[in-house]
Amino acid sequence: MLDSLSTSLKDAVKKLAGKAVVDRAAVEELIRDLQRALIQSDVNVKLVMQLSQSIKKRALEEELPKGMGVKDHVLRIVYQELVSLMGPETELELKPQKILMAGLQGSGKTTTTGKLCRYLQRKGMKVGAICCDNFRPGAFVQLQTLCKKINVPIYGDPNEKDALTIVRNGLSALRDVEVIIVDTAGRHALEDDLIDEIMQINDAVKPTHRWLVIDAALGQGARDQAKRFHEAIGIDGVIITKMDGTAKGGGALSAVAETGSGIVFIGSGETIDDLERFDPDGFISRLLG
Ligand code: GDP
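Residues numbered from 1 in each chain as written. Predicted model: local features only at pLDDT ≥ 70, side-chain atom pairs only at ≥ 80, totals over all residues. Heavy atoms only, no water.

## Some points on the packing of aromatic side chains
Line of reasoning, step 1. Overall, the coordinates contain 2 aromatic pairs when judged by the stated rule.
Line of reasoning, step 2. The interplanar angle of 80° and the centroid separation of 4.8 Å between the aromatic rings of Tyr-119 and Phe-265 together place this pair among those described as edge-to-face. One end of the pair, Tyr-119, is in helix H5 (residues 109-122); the other, Phe-265, is in strand E7 (residues 263-267), with 146 residues separating them in the sequence.
Line of reasoning, step 3. Ring centres of Trp-211 and Phe-265 lie 6.1 Å apart, and the angle between their planes is 65°; on these two criteria the pair is classed as edge-to-face. Pair noted here: Trp-211 is in strand E5 (residues 209-215) and Phe-265 is in strand E7, with a separation of 54 residues, a long-range link. (Phe/Tyr/Trp six-rings, centres within 6.5 Å; stacked < 30°, edge-to-face > 60°. Helix = DSSP H or I, 4+ residues; strand = E, 2+ residues; numbered from the N terminus.)

Here it is as structure tokens:
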């Protein structure tokens, strides 16, 4: 996503170089290039329209700040609007807390749970994980293998079918741990029982954070998913996985906008260390060059 979007944006903004006044035709051309680039990256059309309208309005109506060229003025507006699309910088305090992981099967939830354990452990926290994904065979062993490698305690019970029982037992087994990360079950589609289950788990855990794990390759469907999960448990952060792949990532951006939260982390590979904190400023600066 980043490379093609970045090239298109840079080319579009370049056309404004050397202009003395903001002329409508140039701004409209920029908006068209921007729209094309975002839609090709799978960003939801409605969102693209909202974004381009606010950029256009501001570029044409706001007075050119003294000493600033047209190109920099418009670039600043594009930058600010993209920042607001991607959500605020998310906070992650190093304190005792519980984090609930939500997402569909295959999104990378279990892998990311392991990565998060590693990340927080490196920050000096005493971390533990609960696997209440009793739907996908092998989920428990997968997380157990990841956690064993980094010496992080994990609670799970592959023979117990009731996720709520697992969670309650897990909370009690890990009471000496500072940060508990709860990996939940995902399904192939957004089924009602998945949502019911995660709502019950949310009530039992009362987590500090409820993070949605989204695969960067997920296109337009990402928005609906995010909406369902957000309505059910109030998502307060998004983790976009597989950003190392060729995915366009725009669907995930639409998911972020749907929850009104920010991107907390980016998954950038298959190993336990491939997790990066997301910095919206740096991200957009790279995008605009
Ligand atoms: P879950 O069903 O949501 O728990 O998904 P998993 O954690 O099992 O991940 C599904 C697949 O995605 C696995 O093959 C992971 O190795 C892979 N995966 C997860 N995160 C990333 C990532 O950031 N980059 C890459 N390349 N692969 C990832």
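## Quick look at a negative patch on the surface
Line of reasoning, step 1. A contiguous patch of negative charge on the surface is contributed by Glu-89, Glu-91, Asp-279 and Asp-281.
Line of reasoning, step 2. Along the polypeptide, Asp-281 turns up in helix H11 (residues 280-288).
Line of reasoning, step 3. Judged by its relative accessible area of 39%, Asp-281 is partly exposed. (Patch = residues over 30% accessible without salt bridge, like charges linked within 9 Å, V, L, I, M, F, W, Y side chains within 5 Å. Areas by Shrake-Rupley, 256 points an atom, 1.4 Å probe, with all protein chains shown as cover. Salt bridge = Lys/Arg side-chain N within 4 Å of Asp/Glu carboxyl O. Lys, Arg positive; Asp, Glu negative; His and termini not counted. Charge placed at Lys NZ, Arg CZ, Asp CG, Glu CD. Buried < 20%, exposed > 50% of the residue type's maximum accessible area, 1.4 Å probe, protein only.)

## Side note on the nonpolar core
Line of reasoning, step 1. Counting 64 residues, the largest nonpolar core has Ile-130, Val-167, Val-182, Ile-201 and Phe-229 as the members making the most contacts within it.
Line of reasoning, step 2. It is helix H4 (residues 70-86) that provides the largest number of residues to this core, a total of 8 residues.
Line of reasoning, step 3. If we skip the residues at most four places from it in the chain, Phe-229 touches Ala-102, Gly-103, Leu-104, Leu-190, Leu-194, Ile-195, Ile-198, Leu-212, Gly-234 and Ile-235.
Line of reasoning, step 4. One finds Met-101, Ala-139, Ile-181 and Val-264 within the second-largest nonpolar core, a separate group that totals 27 residues. (Core = buried A, V, L, I, M, F, W, Y, C linked by side-chain atoms within 4.5 Å. Contact = heavy atoms within 4.5 Å.)

## Details of a nonpolar patch on the surface
Line of reasoning, step 1. There is a patch of nonpolar side chains on the surface, built from Ile-39, Val-45 and Met-49 and spanning about 220 Å² of accessible area.
Line of reasoning, step 2. Checked against the element boundaries, Met-49 lands in helix H3 (residues 45-61).
Line of reasoning, step 3. Overall, the relative accessible area of 34% leaves Met-49 in the partly exposed class.

## With respect to the layout of surface pockets
Line of reasoning, step 1. The volume enclosed by the second largest pocket comes to roughly 270 Å³.
Line of reasoning, step 2. For the second largest pocket, the lining is made up of 18 residues, of which Gly-106, Ser-107, Gly-108, Thr-111 and Lys-242 are closest to its centre.
Line of reasoning, step 3. Class assignment for the residues of the lining of the second largest pocket results in no nonpolar, 11 polar and 7 charged. (1 Å grid on protein atoms, 1.4 Å probe; cavity = no way out; pocket = protein on both sides within 12 Å on 5 of 7 lines; lining within 4 Å. Points joined across faces, edges and corners; volume = space filled by probe spheres on them. Nonpolar A, V, L, I, M, F, W, Y, C, P; charged D, E, K, R; others polar.)

## What about the confidence of the model for the protein chain?
Line of reasoning, step 1. For the protein chain, per-residue confidence averages 88 on the pLDDT scale, and residues scoring 70 or more make up 95% of the total.
Line of reasoning, step 2. Predicted as a complex, the structure gets a pTM of 0.87 and an ipTM equal to 0.99. (pLDDT = per-residue confidence, 0-100.)

## What about the pattern of salt bridges?
Line of reasoning, step 1. Scanning all chains against the criterion turns up 14 salt bridges.
Line of reasoning, step 2. Salt-bridge contacts for Glu-61 lead to Lys-57; the nearest nitrogen and oxygen are separated by 3.2 Å. Residue Glu-61 and its partner Lys-57 are both found in helix H3; the two are separated by 4 residues, about one turn of the helix. A single burial state applies to Glu-61 and to Lys-57, both of which are exposed.
Line of reasoning, step 3. When the shortest N-O distance is used, the salt bridge between Glu-62 and Arg-58 registers 2.6 Å.
Line of reasoning, step 4. For Glu-62, a relative accessible area of 32% translates into the label partly exposed.

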